[in-house]
Amino acid sequence: MNRLYLFLVLCLVSYSSAFGQIQCRNTCLKTCQDCEGKKEGLETVCDVEGIYPTGTVFEWDMGDGARYSTPTAVHTYAGPGVRTVRVNIRPTVGSPIPFTKQVYITQMPRTFLGDDNCKDTLELCSGTTVINAFKNLPRSSFPNPANLSVTWFPNGETTDQLTVDKEGCYSVKIKDNVSGCYSEARLRVMYCQTNNGASSGSGSLFWSMGNGNKVQFTSGTPTTSPDPGFSSPAGSSSFIFPPIKAANTTLGGIYTNGDRVKTFTGNVIANLGGDVNLSQATAILPKQSCSGCDSEYYIFGMKQVGGKNQLFYSVFDISANGGNGAVVTPFTSASIATPISSFASTDKLVITQSGTSEYWINAFEEGTKNIYRYKLDSLGLSKPTRVNLDFSVSFSSNSSFSFSPNNQRLAMANDSLGMSQILIMSVDTLTGNFNTRTVNRIQLTGLTSRIYGVAFSPDGRVLYVTTRGNGTTIKSQVLQFDLTAANVAATKFVVYETTDLLGDLKLDPDNSARLYITIENTTNLAFIRRPNVLFTSLAIPGPTSNFDITTFTGAGNLGRGMTSVRFGSNSNGGGIQQSCSGTTFTYRLPEPPKCKDKDKEIIGANWSIYVGNAYSGRTSPNLIYDPILGVIKQDPTLVREAYFSNRKSINYSYPDKSPNPKKYIIVVEVLTRCGSYFLDAEEFDIRNLKPFSLRSRVDKLYMTTIATPNCVQRNITFPDPTLDKIPGLSGLRYDWSTGAKSPTITVNTAGTYAVKISDDATGCDVTGDIDLRYYTENDFIPKVDSSICMDNPSRLLELRPIANPASLEFLWTEQGFPKGTNPFLNVTYATKYNMRVRDEYGCIYNRVYEVVDRCLPVVLAPNIFTPNGDNVNDRFVPQPLSIARTKITGVKIFNRWGELLFEGDNSRPDEQWDGKYKGKLVPQDTYVYVIEYVSTPANFPNLGTQTLKGGVLVAY
């Protein structure tokens, strides 16, 4: 016990000596430029560096009477001043460990650049405008006005006023150089008569791979260009800045391999000292600003310290160095600590995001199931919190991670604990937290190579995994899993295998349509054309296959990793929005936050659709629009196919019905109340998903008494190419209600089967369903009486064995003579009728329906008789309508008071009423009769006794 106590004390002493400082962030009190009730910016955050054992108690005293018991204290001070912050750390064993820090709380007044403190946008038709840092709050309102400095984003100007003639986000920092505290405000400038705001600049969609290679995706098809001095054997990270090109054309974005940081234009910003072989643990993330434009970006990297991987970070500021950007916090002087991780990390990072303002950096401790999570928000980078997973796993550098396209699931491929497995966890997109209690575990058995990479298909329904062999005897493989199946592990399918070393796999950064796979130490890059479509056979690379390999001429070896690309928010609202249903495509304007003022709002647009086949292979569709002249270039190779005027959206059915994709270019002139401007032209690959039909019903005969294959076979295949019309395109995705993914399904159970056919190349889909019904001998047994009364042969009898058949053929005959081909037959006389029914699969069934002569029993009763002894109508004698059909079994007579006067069976005169009661004639009056009768055995004996009631007049 004493040894354990000494060990815990030594551990805590070690923590305090390595990390024993209180760190407080955001000691400058400033509020957001926000009118939605946000309080972000007011909180001061204090914590003690290091990871403490579970059960450790924290006792914070913030120096103004406030106390907290959480590991991190988040507190809002009422005003500026010097505060003494104390914390007692109470371990589960041993004495408390105290820490103390003097914190200087400063305050800056809130400023704004717009017309009021709730408006941070300025819409202009054209021209220039001047932004004044002290427009709404003069210098004299700030503490130490003589020691204020002004810095503008994005170009780093230091003047009080800024002249603006381009679209973009502009912000100003007014800094008190004595305390270091600053106030920040932004203004988004938007022009409604020109499209001079920036997209992210040409060449921004690229991966830096291997030894000095840029693989670019700008034109849709990857090409390579040299990237001198930039080695990324294991991968890299890049960040494409928000669209500020009009304001600053020198950056576009930055990328890093953990050591070197470069701009997209090729300028080296810094050498950070990280390990390029650990570059899969790199990330570039914006520090969200609640009141200014995002100018600071955290760059994460990793290097080995003391034999274990350690995580570091630096801060890059766009507006530093006169707008050229600079690393303002290098690895060697990180503001929290160097390094920021005290544990041995694997060589991977996973980034999750909560809402739009917070990022979580997730690092994985080697040989454990611990995840260390750092939060990056407008207050900076927090100390990590440790999450211990609830299931068996051991993280290693062989672990790989991938998010689904909607960021709601995380797949982790892991080789550890003597097993190969894939774990899929759900992610809360609002908080960025992992749901570690609900995990889909896919066990992989029989693997001779180890797992390397993992990636989702664009629709998130298919998972791909790469494994690495040894380059000679053990092959590398690309594996496929159907995530919609009940047993995902059972759907494992080998898509491709090779003796080359496969590496990472990732969706292309252009439009996430293709899945690319690295082949280490080669100039080759493999790809899957339609990753949403399940493979059914081992792939053979080729131009018509769903799997192919691109070889780059003149490129160096590409390495095993790829680039994680992140984008800043696009204030221009994105591009033209395309959707489609069947063969009709719908195009809508982007939803930009611009031109909303009533005197500048968008009122419509002119749409031009060009055939772009001759345009294929050029660097960008934007070439057809001249931004200087503001007109569409007259290019004779382009043919305008359609034009629509003054519409915010259009519906268009392309006339070309070829199954091969065809390029079209859409140019949009946006009309506003203060003029018009052209959107960047966009190129679309279009192929028509032709409408298809499934019959609404299929009827199948299933006859156990007919020993022919067509009748005893229950299996039916849908769609039947001889009877159904299906799209004539390749590469379509089929989703049946049964869960099947194949173009056809074979079923043997009655029911409704639905299919959705999707074309991932265009995003179109069409749906249909079919109702399958089986009929056996029992279904043709007559459900109603097959008889007709020949006493009244004019009445029709309908023979209808089954109701509303859809696809059965009928033939009715009588003694060999045809009577009809409808599913029913109307007859008027009794005889035998033959029914012959045939289904479309060749099963024939015959049945004879005998229509017999049967009539219901009927009794006729007189309404008057005269028992006066003249032998004419002296008795009350009811008669059957037909003695062959009816037999009277009893007659009763009652007077008006209900007294029984007579009872007999009507079979002979003494059983018939003679008008007497107790031997005397009854008075002239009306008397009630009750007659009971039955059907004869040849007709309807099952009817039982019937009753006829009425009145008869006795007259004299």
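Residues numbered from 1 in each chain as written. Predicted model: local features only at pLDDT ≥ 70, side-chain atom pairs only at ≥ 80, totals over all residues. Heavy atoms only, no water.

Each helix and strand in the chain was counted, giving three helices and 75 strands. For the chain, buried positions account for 49% of its 956 residues. Considering only residue pairs separated by 6 or more positions, the chain has 58% of its internal contacts joining residues 24 or more positions apart. Summed over all atoms, the accessible surface of the chain reaches about 42,600 Å², with 49% contributed by carbon and sulfur. (Helix = DSSP H or I, 4+ residues; strand = E, 2+ residues; numbered from the N terminus. Buried < 20%, exposed > 50% of the residue type's maximum accessible area, 1.4 Å probe, protein only. Contact = heavy atoms within 4.5 Å. Areas by Shrake-Rupley, 256 points an atom, 1.4 Å probe, with all protein chains shown as cover.)

Within the secondary structure layout, Pro-857 lies in the loop between strand E66 (852-853) and strand E67 (859-860). Pro-857 sits 29 residues away from Thr-886 along the chain, and the two C-alpha atoms are 4.8 Å apart. Those residues in contact with Pro-857, other than ones at most four positions away along the chain, are Arg-885, Thr-886, Tyr-933, Val-934, Ser-935, Leu-943 and Gln-946.

In this section: the sheet that holds strand E57 (residues 751-759). Here we have four strands laid out as an open sheet, ordered E53-E58-E57-E55, and mixed in their pairing. Of all the strands in the sheet, the pair left with one neighbour each is strand E53 (697-701) and strand E55 (733-736). Pairwise comparison of adjacent strand axes, ignoring direction, gives a mean angle of 25 degrees for this sheet. (Pairing = 2+ DSSP bridges. Axes fitted to C-alpha atoms, helices over the stretch in contact; angles between N-to-C directions.)

A few words now on the sheet that holds strand E8 (residues 97-107). Hydrogen bonds between backbone atoms are what pair the strands of a sheet, whose relative direction is either parallel or antiparallel. Within the open sheet, the five strands sit side by side as E2-E8-E7-E4-E5. Their pairing is mixed. This sheet does not close on itself; its edge strands, each paired only once, are strand E2 (28-29) and strand E5 (67-68).

The biggest cluster of nonpolar side chains holds 44 residues, and the ones touching the most others in it are Tyr-587, Trp-607, Ile-609, Tyr-654, Ile-666, Val-668 and Phe-718. Those residues within four positions of Tyr-587 in sequence are excluded, and the remaining contacts are Ile-576, Gln-577, Gln-578, Trp-607, Lys-648, Ser-649, Ile-650, Tyr-654, Ile-666, Phe-684 and Ile-686. (Core = buried A, V, L, I, M, F, W, Y, C linked by side-chain atoms within 4.5 Å.)

If you walk through the whole model with that rule in mind, you get 35 salt bridges. Asp-347 serves as the salt-bridge partner of Lys-348, at 2.9 Å between the closest nitrogen and oxygen. The residue Lys-700 makes a salt bridge to Asp-839 at a minimum N-O spacing of 3.5 Å. Of this pair, Lys-700 sits in strand E53 while Asp-839 sits in the loop between strand E64 (832-838) and strand E65 (844-850); the two residues are 139 residues apart in sequence, bridging distant segments of the chain. Accessibility assignment for this pair places Lys-700 and Asp-839 in one class, buried. Within this structure, Asp-459, Arg-461, Arg-733, Asp-735 and Lys-741 form a network of salt bridges that share partners. (Salt bridge = Lys/Arg side-chain N within 4 Å of Asp/Glu carboxyl O.)

Turning next to the pairing of strand E33 (residues 434-444). Across a regular strand the side chains alternate sides, sitting on one face of the sheet and then on the other. Looking at chain direction, strand E32 (residues 419-427) and E33 are connected through eight bridges and run antiparallel. Within E33, the position partnered with Leu-423 by the bridge is Arg-441. A loop of six residues connects E32 with E33, the two strands running antiparallel in sequence, and Gly-432 in this loop sits at a positive phi of about 80 degrees.

The subject of this paragraph is the packing of aromatic side chains. Summed over all chains, the structure comprises 31 aromatic pairs. Judged by centre distance (6.4 Å) and plane angle (50 degrees), the ring pair of Tyr-829 and Tyr-833 falls under tilted. Among the residues examined, Tyr-829 registers a relative accessible area of 31% and is labelled partly exposed. An aromatic cluster is defined as three or more aromatic residues linked by ring pairs; in this entry it consists of Phe-585, Phe-644, Tyr-652, Tyr-654 and Tyr-664. The ring of Phe-312 has Lys-303 sitting right over it, with the charged end atom 4.7 Å from the ring centre. (Phe/Tyr/Trp six-rings, centres within 6.5 Å; stacked < 30°, edge-to-face > 60°. Lys NZ or Arg CZ within 6 Å of the ring centre and 35° of its normal.)

A few words on the environment of Val-848. Tracing the sequence through the fold places Val-848 in strand E65. On the basis of relative accessibility, which here comes to 52%, the residue Val-848 falls in the exposed class. Between the alpha carbons of Val-848 and Glu-814 there is a distance of 9.7 Å; along the sequence they are 34 residues apart. Once residues within four sequence positions are removed from consideration, Val-848 is found in contact with Lys-832, Tyr-833 and Asn-834.

Evaluated as defined, the whole model comprises five disulfides. For Cys-711, the disulfide goes to Cys-843, at an S-S distance of 1.9 Å. What sets the handedness of the Cys-711 and Cys-843 disulfide is the S-S torsion sign, and at about 110 degrees it is right-handed. You can see Cys-711 sitting in helix H3 (residues 709-712) and its partner Cys-843 sitting in the loop between E64 and E65, a full 132 residues away along the chain. Taking the relative accessible area as the measure of exposure, Cys-711 reaches 0% and is therefore buried. Classification of Cys-843 as buried rests on a relative accessible area of 0%. (Disulfide = S-S within 2.5 Å.)

Secondary-structure assignment places Asn-906 in the loop between strand E71 (900-904) and strand E72 (916-917). In this structure the C-alpha to C-alpha distance between Asn-906 and Val-891, which are 15 residues apart in sequence, comes to 6.6 Å. From its side chain, Asn-906 meets the backbone oxygen of Pro-878 in a polar contact 2.9 Å long. (Polar contact = N/O pair within 3.5 Å; in protein donor to acceptor, adjacent residues only side chain to side chain.)

To continue, consider the side chain of Arg-83. The topology assignment puts Arg-83 in strand E7 (residues 81-90). Lacking a salt bridge, the buried Arg-83 has Asp-64 as its closest oppositely charged neighbour, with an N-O distance of 4.8 Å. When neighbours within four sequence positions are excluded, Arg-83 is seen to be in contact with Met-62, Gly-63, Asp-64, Tyr-77, Lys-101, Gln-102, Val-103 and Ile-105. (Lys, Arg positive; Asp, Glu negative; His and termini not counted.)

Below, the discussion takes up the confidence of the model for the chain. Residues at a pLDDT of 70 or more form 86% of the chain, whose mean pLDDT is 83. Counting interchain partners and residues more than four positions distant, the pLDDT-below-50 stretch residues 1-19 has 16 contacts. Across residues 333-338 the pLDDT falls below 50, and counting only partners more than four positions away or on other chains, this stretch makes 15 contacts in the model. (pLDDT = per-residue confidence, 0-100.)

On the surface, a cluster of nonpolar side chains totalling about 250 Å² of accessible area is made up of Val-858, Leu-860 and Leu-881. By the element assignment, Leu-860 lies in strand E67. (Patch = residues over 30% accessible without salt bridge, like charges linked within 9 Å, V, L, I, M, F, W, Y side chains within 5 Å.)

Let's shift gears to unusual backbone geometry. Glycine aside, residues mostly have negative phi, and peptide bonds are mostly found in the trans state. At the junction of Phe-153 and Pro-154, the peptide bond is cis and its omega measures out at 10 degrees in the coordinates. Going from Phe-718 to Pro-719, the amide bond is cis rather than trans, its omega being -15 degrees. Here Pro-719 is to be found in the loop between strand E54 (716-718) and E55. One non-glycine residue, Asn-521, lies in positive phi territory at about 60 degrees.

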